[in-house]
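# Geometric and topological summary
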Amino acid sequence: MKGKMMFMLGLLILTIPKLKGEGKDSIPHFSVSQKSVYSFIIQDSPARLFTMRQFDEDYLSGYRLYSKMMGDFFSPRLKFWIQAFTNFAVFIPLTHEEGHRSILASKNIGSISQPFFLSKRGGYIEGVTDNSLIKLRDSDFPDFARLYTSGLESDYMLTHREEGLLAFEKEKFRNLAVEYLMRKAIILQYYLMGFVKYDVDGTEEKDELHRDIVGNDVYGIVRHLHRPAMPFQRYTRYAELTGEETDYLKTMGYRSLLNLINLNIIGIPNIRLSRKLSINVGMGHTMCPFGDFIDVNLWIKYKKKLMIETYLRQFQNKGYWFPGGGIGVKDYPLTDKFLSSVNIHLWDQPVDLGFNDSKAKFGGAVEWVGKYFFQTRQKKQLKGISVDLGLIYKTAGFLPEEVKLQKHFGIRMGTSFALDK
């Protein structure tokens, strides 16, 4: 089936005629590198609705369009208040819970998302039996642990995507400011709960299908990393944590402040070193299935076409550090209508993705995305629509937004819209 889909996609690209015209119907020269591009993944691997990467990319493109259009109809003050409310009550809970749900879907476990702030738990995932969670814990602890960290993983990667858009001047700060700053604040709020007793879970519901799958994300992951064989319970209260666990929780709180180290926090997109060269640097932190990691990020833009993103990453489990890093070229215009991206990721990680493992296993991933644009005849903002194809190969290991911890080859297809800036 996949072979037929790929054949038909190639046939479509080869057979769609070039749009030509003369006189009043002629189309001006089109160069996608001079446009704003909004990309949407239609199908990702594994074929679930949605993977974490798919939902994050689709949401962010939709949000950018939403914010851009609001600027055409509302005053800056009214736009701010509408965005602040919708982000707080709808968008941030929605994407956070989709991060959790995507891991369940990748393990073929059905669930129901209740992603809105006005729901009884302010956003949660229900519809999963205790037996399903116990079976996952006992057979695949790294994926079980990721149920706790995946919401914050999604939040972290969305802010990282936004920092790239700002550093490369692909989006204006005023369009992302509310989303970016509020999401940073939410990340900090989760991790800084380690400094106070902040129990929000209450008593477990009588019907297990109405219980949140994990309860408090951060309290829960800290307890499970330190005591994976503890009798099963979904919700974790601060008083149930040991002294060692509360100390670890506070370490996560301190490290979360690294997420504030970026010029975008104060509205500066990058540092211009010359007329052709600009850079931005920043740091980040969040937890992962075997502990946490710290990023040092660098974005380089040269001659408005070459956009390079690179990072150094330090993973840590309970007592050991593991290095990682990566580099990518983003949306490089091979022709006026064809953009290509490539990313390479390398890492050492605990051999069994365990919190106590001392031995490391080397791994990595390679990603490629191509976007071929067809020019439209519109005289308004929409100038081109693309056919997108993405490929990824990764070894066993943890890669943010990639829901498979196992060795994996994936294909994704989608489309992008090119609009005037």
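Heads up: the structure comes first, above all this text.
An account of the accompanying structure is given in this report. As the structure is a computational prediction, the values presented were derived from the model and not from experiment. (Residues numbered from 1 in each chain as written. Predicted model: local features only at pLDDT ≥ 70, side-chain atom pairs only at ≥ 80, totals over all residues. Heavy atoms only, no water.)

Now for the overall build of the protein chain. Broken down by element type, the protein chain carries 8 helices and 12 strands. Against the compact-globule benchmark of 22 Å for 421 residues, the protein chain has a radius of gyration of 22 Å, which places it among compact chains. Projected onto the principal axes, the alpha-carbon positions of the protein chain cover approximately 75 × 50 × 45 Å. Going through the 421 residues of the protein chain one by one, you find that 53% of them count as buried. Taking as baseline every contact in the protein chain between residues at least 6 positions apart, the subset at least 24 positions apart corresponds to 62%. Accessible area for the protein chain stands at about 19,400 Å²; split by element, carbon and sulfur atoms hold 63% of it. Each charge sign in the protein chain was given a centre, from 57 positive and 46 negative side chains, and these centres are 9 Å apart. (Helix = DSSP H or I, 4+ residues; strand = E, 2+ residues; numbered from the N terminus. Rg over C-alpha atoms; globule rule 2.2 N^0.38 Å. Buried < 20%, exposed > 50% of the residue type's maximum accessible area, 1.4 Å probe, protein only. Contact = heavy atoms within 4.5 Å. Areas by Shrake-Rupley, 256 points an atom, 1.4 Å probe, with all protein chains shown as cover. Lys, Arg positive; Asp, Glu negative; His and termini not counted. Charge placed at Lys NZ, Arg CZ, Asp CG, Glu CD.)

Within the fold, Val128 resides in the loop between strand E3 (124-126) and helix H4 (130-139). Look at Val128 and you get buried, because its relative accessible area is 1%. Separated by 114 residues in the primary sequence, Val128 and Thr242 have C-alpha atoms spaced 28 Å apart.

Take the environment of Thr251 next. Position of Thr251 among the secondary structure elements: in helix H8 (residues 243-256). Separated by 220 residues in the primary sequence, Thr251 and Ser31 place their C-alpha atoms 48 Å from one another.

Okay, the nonpolar core next. Ranked by internal contacts, the top residues of the largest apolar core, which has 32 residues, are Leu104, Leu147, Tyr191, Ile221, Tyr248, Leu249 and Met287. Secondary structure elements with two or more residues in this core: helix H3 (76-106), H4, helix H5 (141-167), helix H6 (173-191), helix H7 (217-226) and H8. In this structure, Cys288, Phe293, Ala365 and Leu399 belong to the second largest nonpolar core, which totals 14 residues. (Core = buried A, V, L, I, M, F, W, Y, C linked by side-chain atoms within 4.5 Å.)

Moving on to H8. For H8, built from 14 residues, the straight-helix expectation of 20 Å at 1.5 Å per residue is met to within 8% by its first-to-last C-alpha distance of 20 Å. Taken together, the buried positions of H8 are Glu245, Thr246, Tyr248, Leu249, Met252, Gly253, Arg255 and Ser256. (Expected span 1.5 Å × (residues − 1).)

What follows covers the packing of aromatic side chains. This structure, assessed with the given rule, holds 19 aromatic pairs. A centroid spacing of 6.0 Å and a plane angle of 45° characterise the contact between Phe141 and Phe144, whose relative ring orientation is tilted. One end of the pair is Phe141 and the other is Phe144, both in helix H5 and 3 residues apart, which spans about a single turn. Taking relative accessible area as the criterion, Phe141 reaches 21% and is therefore assigned partly exposed. Taken together through their ring pairs, the aromatic side chains of Tyr156, Phe290, Phe293, Phe315 and Phe398 make up a single cluster. (Phe/Tyr/Trp six-rings, centres within 6.5 Å; stacked < 30°, edge-to-face > 60°.)

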